[in-house]
Amino acid sequence: MNVAKKKFYITTPIYYVNDVPHIGHAYTTIAADVISRYKRLDGYEVFFLTGTDEHGQKVQEAANKLGIEPQEHVDRLHKRFMELWTRFNITNSDFIRTTEERHKVLVRDILQSLYDKKEIYRGSYEGWYCTPDERFWTEKDLKDGNCPECGRPVDKIKEYNYFFKMGQYRDWLVDAIRNDENFIKPLSRRNEVLGFLDKPLEDLCISRPKERLSWGIPLPFDDKYVTYVWFDALINYISIHGNLDEIKASGFWPADHHLVGKDILTTHAVYWMTMLKAIGLEPPKNLFAHGWWTVNGQKMSKSLSNVVEPNKLIDQFGVDVIRYFLLREVPFGLDGDFSHKALIGRQNSDLANNLGNLLNRTVSMMKRYFDYKVPEPVEYNEEDKNLIAKAKQVVEDVAGHYDDLAYNKILMVIWELVDATNKYIDHTAPWNLVKTDEGKERLKAVMYNSAEALRTIAILVYPFMPTSAEKMMGQIGVETKIENQGMSSVQQWGGIKSGSLMQKGEQLFPRIEEKQAEKILSEITSGASADKPAEEKPTEEDSVTITFDDFMKMDLRTGKIIEAEKIKKSKKLLKLKVDIGSEVRQVVAGIAECHEPEDLIGQTIILVANLKPAKLMGIESQGMILAASSNGIIELAGFSVEPEKGTRVR
Ligand code: MSP
């Protein structure tokens, strides 16, 4: 029997088609994509809608300047959004454009039916009009005589127009907001709307005379007017599902979430909710207003040349890192300041050092101890059970935070499992277990559990970083695509099959080394990067090449380790005494995870002898040992034939 899936409907705002897509637009769309992917894994049939808002004065003016028809203009422009969403791996179910017939039909039907019901009437209007914002203001709204929103001059206009009887719904709306604390979120925004509704609510002017604005949907009952952009745009959320009967029958109304930025809270919380009431449809279950991204505390704007252009970011960092960063860095309801430095920091710490390292060391230990084959666990002890309980808890917490759209908390708890698994490996120390027969039995459980924790983590991070999560699955040997697995598969420990084969793959989250980070940051501050033609760009090699003279400044010497001991409270560091012929150097080296002190005595190594001394855990280190670290294994650089102590290496 086919059980009907529960339905879930989420929307983003429809973006002004003439805006250049920036990171603020991407933010909402990625947030909607993450929850859509999660809900699909959780068994829902998801409808995820985004699109473009294509009518209005600015579009008309821009088209006039280019000497083309507005329709031709928007037909070209909307593609920039569509293309960006493809690049960002966005899984929207449809893309609505307000110039499409399917949308215009419903707008006109609604206008006619509200006019017939006398919810719309003709009246005269006098007010202050802000042309760039396409919005009327009253005298008391003005700030120093200018538009309170954008600060630009306004014109006094008196004209006949059509009005929607919005004011009559004020009490209903206040009650609806008060009676359901999930209706408008976060709490601060809910209070903001209630504050706005403390004042009397006026009727809404929903038309513009055609002589002033022709690029809009004509009113069905008076073709000398077109409808106001917001009255047109808001209807996109339902026009996608057909006519009113089809909307009701679709199972996708009321919407589960309308995601919007804080700047368009009032138009959604007041205009849209009262429009729905008049139309006879239920309000959405939730309207969530997120914060804004600023740059150095300032609003992104073309005039300040500080717009963070998503395509450039993708070129530099890749899609998944940006998706992760935007939702991890700042709680969804709050403003955040965009910083490339912070992005690099997150890539290095959360992704490369924590998650990447966990994956690499698990795969390489599985290779070393079990020839890549996931073993059959024999029995679980307390330590194993704690890890399993942690995973269960994390899966539950994640579900709860999704209900609140607390993306940063979702990621924080997933990373609790990443950290717990890394610690589990440190404590159980597979490299020691392998040394005894008894240990080898225990090793099976440890490696099995590490693999299963990684499987759980991959499924949990999938909504945020879909491509990386699929690649993780490939490396740990799970062939089924994540979108074909359910959240139910992480509710039970043991989904990874013993006997499945891991495989070494590319490093998913490479560290951005200091040089590369400097290069990225300087490109950004000099405004270069993707703006420059490709041939002018410095190549990767240019950025890391040093001159022969630079190289000769390095004093690399052979030395013999004569003493080695662990450093208390440090899992990684060893204190070494290295004899370089002319003297004995004390060196602190981060190799304890892979080398026992006693095994090192007598080994010949290569020392960077003229490195400025530094203190690590309070102990002076007079040089650095050369080693290669890959997949959690650290190999010391050495020689097949032993040279004299203190020989210079070139
Ligand atoms: N077309 C209207 C929405 C109509 S919805 C029925 C509109 N478009 S917009 O392109 O100007 O903005 C779309 C969304 O992008 C808004 O939610 C807005 O808050 C968001 N953002 C624009 N700049 C932003 C940031 N700098 N940071 C975060 N979001 C930002 O308004």
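Our structure's up above, just so we're on the same page.
Owing to the predicted nature of the structure, the values given are computational and were not obtained by experimental measurement.

Draft legend 1. Inspection of the nonpolar core at higher detail. Counting 102 residues, the largest nonpolar core has F88, L327, Y407 and W415 as its most contacted members. If one sorts the elements of this core by residue count, helix α17 (residues 437-461) sits on top with 12 residues. Apart from the residues lying within four places of it in its own chain, the contact partners of Y407 are A31, A32, V34, I35, L259, L327, F332 and F464. If you look at the next biggest cluster of nonpolar residues, it comprises 60 residues, including I96, F164, M166 and L204.

Draft legend 2. A look at the site of the ligand. Around the ligand, a shell composed of 24 residues is seen, among which I14, D53, G261, D263 and W293 lie nearest. In this structure, G261 approaches the ligand through a main-chain N or O atom, which is 2.8 Å from an oxygen atom. Coverage of the ligand by the protein amounts to 96% of the 670 Å² it exposes when considered alone. Mapped onto the shell around the ligand, the elements with two or more residues apiece are β1 (7-16), α1 (23-41), α7 (229-234), α8 (236-239) and β12 (257-261). Among the elements that take part in the shell around the ligand, β1 stands out by supplying four residues, more than any other. Residue composition of the shell around the ligand, by class: 13 nonpolar, eight polar and three charged.

Draft legend 3. Quick look at the pairing of strand β13 (residues 287-290). Residues L287 and A289 point to one face of β13 and F288 and H290 to the other, with burial holding for every one of them. Two strands pair when backbone bridges link them, and strand β7 (residues 184-185) and β13 are joined in this way by two bridges, in the parallel orientation. Note on β13: the bridge partner recorded for K185 is F288. Two elements, β12 and β13, share four bridges in a ladder whose sense is parallel. Residue pairing across strands places V260 opposite A289, the latter belonging to β13.

Draft legend 4. Representation of the sheet that holds β1. Read across the sheet, six strands follow the order β3-β2-β1-β12-β13-β7 without closing on themselves; strand pairing throughout is parallel. Only two strands of the sheet have a single partner each, and these edge strands are β3 (94-97) and β7. As paired strands, β1 and β12 are joined by two bridges and run parallel to one another. Residue T11 lies in a different strand from β12, and its bridge partner there is H258.

Draft legend 5. Representation of the packing of aromatic side chains in the model. Counted by the stated rule, this structure contains 31 aromatic pairs. Look at Y15 and F81: their rings are 5.5 Å apart centre to centre, the planes differ by 5 degrees, and that puts the pair in the stacked class. In this pair, Y15 sits in strand β1 while F81 sits in helix α3 (residues 70-87), placing the two residues 66 residues apart along the sequence. Under the relative-accessibility criterion, Y15 is labelled buried at 5%. The class of F81 is buried, set by a relative accessible area of 0%. Grouping aromatic residues by their ring pairs yields a cluster made of Y27, Y38, F288, W293, F325, F332, F338, Y402, Y407 and F464. Sitting over the face of the ring of F252, K7 holds its NZ or CZ atom 4.8 Å from the ring centroid. Stacked on the ring of Y44, the Lys or Arg K39 has its end atom at 4.6 Å from the ring centre.

Draft legend 6. The arrangement of the packing of helix α13 (residues 340-370) against α17 in detail. Between α13 and α17, the least distance of the axes is 10 Å, while the angle of their chain directions is 145 degrees. The handedness of the crossing between α13 and α17 is left-handed. On α17, the residues that touch L355, L358, L359, T362, M365, M366, Y369 and F370 of α13 are L443, K444, M447, S450, A451, L454 and I457. Tallied by class, residues from the contact of α13 with α17 come to 12 nonpolar, two polar and one charged.

Draft legend 7. Just the pairing of strand β6 (residues 155-164), in detail. When strand β4 (residues 120-130) meets β6, the two strands line up antiparallel, connected through 10 bridges. The residue bridging Y125 from the neighbouring strand is E159, located in β6. By the bridge criterion, two bridges tie β6 to strand β8 (residues 204-205) in an arrangement that is antiparallel. If you follow F163 over to β8, its bridge partner there is C205.

Draft legend 8. Quick peek at the environment of I10. In this structure, I10 sits in strand β1. Excluding residues within four positions of it along the chain, I10 makes contact with A32, I35, S36, F47, F48, L49, H257 and L259.

Draft legend 9. A look at unusual backbone geometry. Put simply, K185 and P186 share a cis peptide bond, and its omega is -5 degrees. Checked against the element boundaries, P186 lands in the loop between β7 and α6 (187-196). A cis amide bond links W253 with the next residue in sequence, P254, at an omega value of 5 degrees. Position of P254 relative to the elements: it lies in the loop between α9 (244-250) and β12. The phi angle at N296 is positive, at roughly 50 degrees, despite the residue not being glycine. In this fold, N296 is placed in the loop between β14 (293-295) and β15 (298-299). Judged by its relative accessible area of 66%, N296 falls in the exposed class. Of note, Y372 is a non-glycine position whose phi angle comes to about 75 degrees, a positive value.

Draft legend 10. Highlighting the sheet that holds strand β11 (residues 222-227). Strand order in the open sheet formed by three strands is β9-β11-β10, with antiparallel pairing between adjacent strands. The open sheet has two edge strands, β9 (207-209) and β10 (218-219), and neither has a second partner.

Draft legend 11. Structural detail: helix α15 (residues 407-428). In this model α15 runs 32 Å from its N-terminal to its C-terminal C-alpha over 22 residues, within 8% of the 32 Å that 1.5 Å per residue would give. Directly after α15, the chain includes A429, whose backbone phi takes a positive value near 45 degrees.

Draft legend 12. Looking closely at the pattern of salt bridges. Counted by the stated rule, this structure contains 30 salt bridges. Between R323 and D33 there is a salt bridge, with the nearest N and O atoms lying 2.7 Å from each other. With R323 in helix α12 (residues 319-329) and D33 in helix α1, this pair connects stretches of sequence that are 290 residues apart. In this structure, R323 and D33 share a single accessibility class: buried. Between E54 and R97 there is a salt bridge whose closest N-O contact spans 2.7 Å. Residue E54 is located in the loop between β2 (45-53) and α2 (57-66), and its partner R97 is located in strand β3; the two are separated by 43 residues in the primary sequence. By sharing partners, the salt bridges in this structure join D33, R37 and R323 into a single network.

Reading guide: rules and limits
- Residues numbered from 1 in each chain as written.
- Predicted model: local features only at pLDDT ≥ 70, side-chain atom pairs only at ≥ 80, totals over all residues.
- Heavy atoms only, no water.
- Core = buried A, V, L, I, M, F, W, Y, C linked by side-chain atoms within 4.5 Å.
- Buried < 20%, exposed > 50% of the residue type's maximum accessible area, 1.4 Å probe, protein only.
- Helix = DSSP H or I, 4+ residues; strand = E, 2+ residues; numbered from the N terminus.
- Contact = heavy atoms within 4.5 Å.
- Near = heavy atom within 4 Å.
- Polar contact = N/O pair within 3.5 Å; in protein donor to acceptor, adjacent residues only side chain to side chain.
- Areas by Shrake-Rupley, 256 points an atom, 1.4 Å probe, with all protein chains shown as cover.
- Nonpolar A, V, L, I, M, F, W, Y, C, P; charged D, E, K, R; others polar.
- Pairing = 2+ DSSP bridges.
- Phe/Tyr/Trp six-rings, centres within 6.5 Å; stacked < 30°, edge-to-face > 60°.
- Lys NZ or Arg CZ within 6 Å of the ring centre and 35° of its normal.
- Axes fitted to C-alpha atoms, helices over the stretch in contact; angles between N-to-C directions.
- Left-handed = near helix turned anticlockwise from the far one by under 90°.
- Expected span 1.5 Å × (residues − 1).
- Salt bridge = Lys/Arg side-chain N within 4 Å of Asp/Glu carboxyl O.

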